[in-house]
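Residue strings, one per chain:
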Amino acid sequence: MTRGRNRGGNSRNSSKAPSQAILDLPVTKNEDVEVDIIGLTHEGEGVGRVEGYTLFIGGALPGERVRAKVLKVKKQYGYAKLVEVMVASPDRIAPPCEIYKQCGGCQLQHWSYEAQLNWKRQHVVDNLERIGKLKVGGSSEGEIEEGIVVHPTLGMNDPWRYRNKAQVPMGMAEEGGLIGGFYARNSHRIIDMDACLIQHDQNDDIVRRVKAIGRELGVTAYNEETGEGLLRHVVVRVGFRTGEMMVVLVTNGAKLPRAEAWIEAIRVQVPGVASICQNVNTKRTNVIFGDETRTLWGRDVIYDYIGDVKFAISARSFYQVNPVQTEVLYGKTLEYAGLTGSETVIDAYCGIGTISLFLAQHAKRVYGVEIVPEAIEDARANAALNGIVNAEFEVGAAEDVMPRWLEQGVTPDVVVVDPPRKGCDERLLETLLTMQPERIVYVSCNPATLARDLRVLEDGGYRVKEVQPVDMFPHTVHVECCSLLVRKDN
Ligand code: SAH
């Protein structure tokens with residue numbers, strides 16, 4: 001690997017800080033280096049190697065040769081800033097978003113969509129092999145004799161404007177007046193934003209209008225440092241299938257001055273809005289919502305569909321943000337569950353019961369468990385809304401509730417798990433191994449914990465057959481997977 005030209009070979013050690021000289025690292029802080037990029041981290045930074053030493057370089061892509069300035073050196077690895085792309089990847093593209101560099105919400109817009117999808121699959125494969133010590137056979141069943149099939153990532157035909165929810169922090173312009181947009185990378189300074197290319201157009205449009213209304217009404221934005229000011233966030237949701245819209249004003253304080261003027265202006269400017277809510281959050285926290293939500297006008301909820309199932313979505317409900325890909329993911333889940341109508345199914349980490357209700361139509365009985373009480377209330381309400389009577393829901397930690405179900409004689413044929421990023425609790429995995437369902441469908445948003453848990457299930461008598469990565473969040477580093485496990489003795 002060629003070293004930076006602007007540094008004489010002989011002066012090498014003399015320019016090092018003493019501690020670095022002892023460690024004898026091949027780079028020093030502030031040095032310019034030329035690096036080949038050999039990979040991408042799960043956070044989307046390029047991975048470069050200089051004489052075996054790893055440098056993380058934001059903005060650099062695999063296959064590129066770049067010039068970078070070393071910012072920070074640690075014993076095992078360091079960070080460098082991209083200065084110049086000397087040999088660009090054939091997959092490098094101009095990011096379509098004007099604020100891509102400042103924002104940080106997306107990490108992969110400078111990479112072609114196809115390259116993103118290929119990388120997401122490879123990232124899953126790498127995790128399964130390195131962390132799970134699992135053998136990956138190939139990307140299609142015909143291709144392999146043994147090992148796990150990891151399919152090509154299912155991407156979107158049009159990977160833009162896919163989000164149904166915008167949560168926009170508000171701030172004040174230096175010259176005064178309400179602005180709202182995003183926090184500048186690694187900071188809490190708010191930068192005004194007019195368009196976000198991964199948001200539904202309607203969300204962008206509504207946020208713009210609500211900001212203009214706020215300016216007109218002379219509303220102040222909440223200031224994190226002083227704890228003063230009124231408007232903290234504007235949250236907007238749109239039902240892709242129904243077209244229904246909700247506007248939530250998150251305020252620092254219960255009083256909303258000129259509430260009538262707000263409502264009137266939003267109704268005029270956002271024709272067809274179905275729900276206008278206020279959420280009160282007076283806490284010094286960066287959690288968006290407070291505990292109290294009031295409906296200012298219209299309904300408490302908007303409706304939307306996933307497949308044939310109708311969902312009521314309130315201001316604070318968890319609801320998948322990419323409805324198009326959610327159907328793809330749940331379609332895979334249903335396929336892997338292999339239901340014929342006679343099965344008992346457990347849906348662990350069920351949220352508002354989206355997967356449970358999606359599966360209930362094809363199963364004898366579905367049990368859902370979830371730790372957030374409000375989510376279970378939503379799940380029950382959604383079951384009733386759809387006339388689904390063969391699904392029941394319980395509040396609690398899945399690792400506590402499932403052993404209880406086991407004692408009560410619940411013997412599932414299929415268990416679906418869809419845990420948060422940290423993966424499944426160990427006790428839940430143990431319970432699964434005792435319950436011995438025919439099939440386990442593991443839906444995961446974190447390939448690392450997925451790989452860890454799949455190893456436990458493999459050792460406990462299950463075989464991981466297939467893994468299907470699904471791109472729920474194009475242009476970001478997130479990868480969702482649906483995996484099928486079957487009992488080895490079958
Ligand atoms: N399956 C749902 C939600 C998945 S997100 C959907 O597709 O919409 C993961 C869920 O797990 C969250 O709702 C979170 O509140 C819940 N959760 C986190 N820890 C849990 C635990 N120990 N037991 C049960 N649920 C838990």
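Computed from a predicted structure; not experimentally measured.

K.L.:
Can you help me understand the sheet that holds strand E8 (residues 165-172) in this one?
P.N.:
Note on sheets: strands pair through backbone hydrogen bonds, and any given pair is parallel or antiparallel. Strand order in the open sheet formed by seven strands is E10-E9-E8-E11-E12-E13-E14, and the pairing between neighbours is mixed. Of all strands in the sheet, those bounded by a partner on one side alone are strand E10 (190-192) and strand E14 (292-298). Taking each pair of neighbouring strands and ignoring which way they run, the sheet shows an average axis angle of 35°. Bridging between E8 and strand E11 (residues 231-238) involves five bridges; their strand directions are antiparallel. Bridge pairing in E11 places Lys165 opposite Arg237. Of the strands in this sheet, E8, strand E9 (178-183), E10, E11 and strand E12 (245-251) touch helix H4 (residues 201-216), which is tilted by about 145° from E11.

K.L.:
So what exactly am I meant to see when it comes to the site of the ligand here?
P.N.:
As a structural note, the neighbourhood of the ligand is formed by 17 residues, with Tyr330, Thr354, Glu370, Ala398 and Asp418 the closest of them. Take Gln320: an N or O atom from its side chain is 3.1 Å from an oxygen atom of the ligand. A distance of 3.3 Å separates a nitrogen atom of the ligand from a polar atom in the backbone of Ile371. Protein contact buries 86% of the 570 Å² of open area that the ligand shows by itself. Those elements giving two or more residues to the shell around the ligand turn out to be helix H7 (354-360) and helix H9 (398-407). Of the residues assigned to the shell around the ligand, the class counts are 10 nonpolar, four polar and three charged.

K.L.:
Can you walk me through empty space enclosed by the protein in this structure?
P.N.:
A water-sized probe, rolled over the atoms, reveals where empty space remains. Overall, the coordinates contain one cavity of 30 Å³ or more when judged by the stated rule. One number sums up the size of the largest cavity: a volume of about 40 Å³. What lines the largest cavity is Asn164, Arg237, Val238, Gly239, Ile302, Asp304, Ile313 and Tyr319. Elements with a contribution of two residues or more to the lining of the largest cavity: E11 and strand E15 (301-306). Broken down by class, the residue content of the lining of the largest cavity amounts to four nonpolar, two polar and two charged.

K.L.:
Teacher, can you tell me more about the layout of surface pockets here?
P.N.:
Taken as a whole, the second largest pocket encloses approximately 1100 Å³ of empty space. Contributing to the lining of the second largest pocket are 35 residues, with Glu43, Glu45, Gly58, Gly59 and Arg185 lying nearest its centre. Of the residues forming the lining of the second largest pocket, the biggest block, four residues, is contributed by strand E5 (residues 77-87). For the lining of the second largest pocket, the residue count by class is 15 nonpolar, 13 polar and seven charged. When residues of the lining of the second largest pocket are assigned to domains, at least three map to each of domain 1 (13-87) and domain 2 (93-159 + 322-490).

K.L.:
Is there a simple way to think about helix H5 (residues 259-269) in this case?
P.N.:
An α-helix turns once per 3.6 residues; consequently, residues spaced three or four apart project the same way. Looking at H5, one finds that the buried residues are Trp262, Ile263, Ala265 and Ile266. Contacts from the buried residues of H5 go to H4, E11, E12, strand E13 (273-280) and E14.

Reading the values: rules and limits
Residues numbered from 1 in each chain as written. Predicted model: local features only at pLDDT ≥ 70, side-chain atom pairs only at ≥ 80, totals over all residues. Heavy atoms only, no water. Pairing = 2+ DSSP bridges. Helix = DSSP H or I, 4+ residues; strand = E, 2+ residues; numbered from the N terminus. Axes fitted to C-alpha atoms, helices over the stretch in contact; angles between N-to-C directions. Contact = heavy atoms within 4.5 Å. Near = heavy atom within 4 Å. Polar contact = N/O pair within 3.5 Å; in protein donor to acceptor, adjacent residues only side chain to side chain. Areas by Shrake-Rupley, 256 points an atom, 1.4 Å probe, with all protein chains shown as cover. Nonpolar A, V, L, I, M, F, W, Y, C, P; charged D, E, K, R; others polar. 1 Å grid on protein atoms, 1.4 Å probe; cavity = no way out; pocket = protein on both sides within 12 Å on 5 of 7 lines; lining within 4 Å. Points joined across faces, edges and corners; volume = space filled by probe spheres on them. Domains from an automatic or database assignment. Buried < 20%, exposed > 50% of the residue type's maximum accessible area, 1.4 Å probe, protein only.

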